[in-house]
Amino acid sequence: MIRVIIPHHLRTLANSGKEVTLEVAAPVTQAAVLDALEAKYPVLRGTIRDRATHKRRALIRFFACGQDLSHEAPDAPLPAEVATGKEPLMIVGAMAGG
Amino acid sequence: MSSVRVLVGTRKGAFILTSNEERQQWDVSGPHFAGWEIYHLKGSPANPDRLYAAQSTGWFGQLIQRSDDGGKTWEPVGADFTYDGAPGAHQWYDGTQHPWEFQRVWLLEPSPTDPDTVYAGVEDAALFRTHDGGKSWQELPALRAIKGELWAPGAGGMCLHTILIDPNDANRIFVAISAAGAFRTEDGGQTWRPATHGLKANWELPDPDAEIGHCVHSIAMHPSRPNVLFMQKHWDVMRSDDAGDNWYEISGNLPSDFGFPIIVHSHEPDTIYVVPIKSDSEHYPPDGKLRVYRSRSGGNEWEALTEGLPQSDCYVNVLRSAMAVDTLDSCGVYFGTTGGQVYASADSGDTWAPIVRDLPAVLSVEVQTLP
């Protein structure tokens, strides 16, 4: 199971807890995790990435294993610790606005 | 006994204020959608318990929420606002062409007769419509074909912020866009024409016949007289007696003719209200005095309404969608400020009192009069 931590406002929308778990077939990539997340919680479509282009929204960041993965290619494999469920993928609303 | 429900959109959530027809004691519900910007929420005239809300943030984008119980519970519906065909380009601040990009929904205008039909005015400016209660939205693309390449954003973005549906003819719709102008359709959105003749903007638009580029802030109509329109423009308060074909100025003795909202009394088609703001570079009331101005003659002669409103050291603004009336026998008038106050008058504006004083900045105010 893949573990994903989502930010406060998206938990409210999804009516979920802080951490959600997803079944994702290998290879476990950012795109595959987001596909699974949006399939489980359709209300989140468009809130993390553009509905059509799947481009990450400007003020969303992805972190895992102490690394900023925001600029990684969506189809690049996520760290093995995420793929095995040892570590969560964190979806974070960026600090912005001063 | 009748009651009123005031729907307030703010920078950090929605609030619902309810009272009986006395309008002295108020219940405050909220924040709904806490932390989100609620640009607008409005009820269906055909089913007052059906409400729609435009919910957004810069982080997570746009959602549309729907309630079927008067705002007690909500469910997210569709929020896919994809422009029809190739989005095209409009004029940017520097005069270059800039691709159309959806930013947010500014306004939701439910159909007078069908609770499932709603129009949405969006930024970058376009008009969308749903026929299934908000599950899916389709653009009415002919609007952007009216010289869309010349449309340019105002300081607040290029937003379609005003939608007026003729109560006698649902195919006749007026929209206003900052800073493109005003437009009218007679065929339900299949074709549009500019409705700006007579508007003046001598500095920005030296061509007196310019159809595009007018910074219209809001337009109001009384349902009994849909050919008469009142407009608060960036500068100038204007009136049209022929459904927007021609406009003439009615600013008269206003202390400033800059402002954002304009509304019409619910029972007196020639009684109108504005909130003068000092200037486009100083968005607060002249002299630090929050004054609503009322004309009972359809313009030109205005009186200041001050009783119960702060008359010193007041530097709030009243945004374009943040003023509304109820339809009780003694017409109630309501407005919200960027300082978080919502003021109400139960006597057509003669006296005012705050319903709430400390909300987040108010973006919109709508009122439902319930049987």
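No experiment lies behind these values; they were computed from the predicted model shown.

Undergrad: Give a description of the sheet that holds strand 3 (residues 60-64) of chain A that names residues and reports values.
TA: Residues and elements named next belong to chain A. One open sheet holds the five strands; their spatial order is 2-1-5-3-4, and the pairing between them is mixed. Because the sheet does not close on itself, it has two edges, and the strands there are strand 2 (19-22) and strand 4 (67-68). Summarising the sheet, strand 3 and strand 5 (residues 89-93) pair through four bridges and their orientation is antiparallel. Residue pairing for strand 5: Ile60 is matched across the bridge by Gly93. Sitting on the sheet, helix 2 (residues 30-40) touches strand 1 (2-5), strand 2, strand 3 and strand 5, and the angle it makes with strand 2 is about 105°.

Undergrad: Kindly report on the sheet that holds strand 6 (residues 61-67) of chain B, identifying the contributing residues and their values.
TA: Whenever strands of a sheet pair, they do so through backbone hydrogen bonds, lying parallel or antiparallel. Residue and element names in this part refer to chain B. Read across the sheet, four strands follow the order 4-5-6-7 without closing on themselves; strand pairing throughout is antiparallel. Of all the strands in the sheet, the pair left with one neighbour each is strand 4 (37-43) and strand 7 (75-76). Across seven bridges, strand 5 (residues 51-57) lies against strand 6 in antiparallel orientation. Among the inter-strand pairings, Ala53 is bridged to a residue of strand 6, identified as Gln65.

Undergrad: Tell me about the environment of Glu123 of chain B, residues and numbers included.
TA: By the element assignment, Glu123 of chain B lies in strand 11 (residues 118-123). Those residues in contact with Glu123 of chain B, other than ones at most four positions away along the chain, are Gln103, Arg104, Trp106, Gly157, Met158 and Cys159 of chain B.

Undergrad: Which residues make up the interface of chain A and chain B, and what values do they have?
TA: Listed as interface residues are twelve residues of chain A and, on the opposing side, ten residues of chain B. Looking at the side of chain A that touches chain B element by element, the count peaks at three residues for helix 1 (residues 8-14) of chain A. Considered class by class, the residues forming the side of chain A that touches chain B number six nonpolar, four polar and two charged.

Undergrad: Kindly report on the nonpolar core, identifying the contributing residues and their values.
TA: If you look at the biggest cluster of nonpolar residues, it comprises 108 residues, and the most contacted ones within it are Tyr334 and Val342 of chain B. Apart from residues no more than four positions distant in its own chain, Val342 of chain B is found in contact with Val6, Val8, Leu17, Tyr334, Gly336, Pro354, Ile355, Val356, Leu359, Val362 and Val365 of chain B. Judged by nonpolar contacts, the second largest core, of 24 residues, contains Ile6, Val20, Ala83 and Ile91 of chain A.

Undergrad: Quick rundown of helix 2 of chain A? Include the residues and the values.
TA: Taken together, the buried positions of helix 2 of chain A are Gln30, Ala32, Val33, Leu34 and Leu37 of chain A. Buried residues in helix 2 of chain A make contact with strand 1, strand 2, strand 3 and strand 5 of chain A.

Undergrad: Help me get a handle on the confidence of the model for chain B, residues and values and all.
TA: Keep in mind that low pLDDT regions are not for reading the predicted coordinates in detail. Looking at chain B as a whole, the pLDDT averages 97, with 100% of positions reaching at least 70. Reported for the predicted complex are a pTM of 0.96 and an ipTM of 0.93.

Undergrad: So what about unusual backbone geometry? Which residues, and what values?
TA: Where the residue is not glycine, phi is negative for most of them; where a peptide bond is considered, it is trans in most cases. Cis geometry is adopted by the peptide bond preceding Pro27 of chain A, which originates at Ala26 of chain A and carries an omega value of 0°. Structurally, the position occupied by Pro27 of chain A is in the loop between strand 2 and helix 2. In this structure, Pro31 of chain B follows Gly30 of chain B across a cis peptide bond, with omega equal to 5°. Here Pro31 of chain B lies in strand 3 (residues 27-32). In this model, His54 of chain A sits at a positive phi of 65°, which is unusual for a non-glycine residue. By secondary structure assignment, the location of His54 of chain A is in the loop between helix 2 and strand 3. Judged by the 14 C-beta atoms lying within 10 Å of it, His54 of chain A is partly exposed.

Rules and cut-offs
Residues numbered from 1 in each chain as written. Chains lettered and ligands numbered in written order. Predicted model: local features only at pLDDT ≥ 70, side-chain atom pairs only at ≥ 80, totals over all residues. Pairing = 2+ DSSP bridges. Helix = DSSP H or I, 4+ residues; strand = E, 2+ residues; numbered from the N terminus. Contact = placed C-beta atoms within 7 Å. Axes fitted to C-alpha atoms, helices over the stretch in contact; angles between N-to-C directions. Nonpolar A, V, L, I, M, F, W, Y, C, P; charged D, E, K, R; others polar. Core = buried A, V, L, I, M, F, W, Y, C linked by C-beta atoms within 7 Å. Buried ≥ 20, exposed ≤ 12 C-beta atoms within 10 Å, placed from the backbone. pLDDT = per-residue confidence, 0-100.

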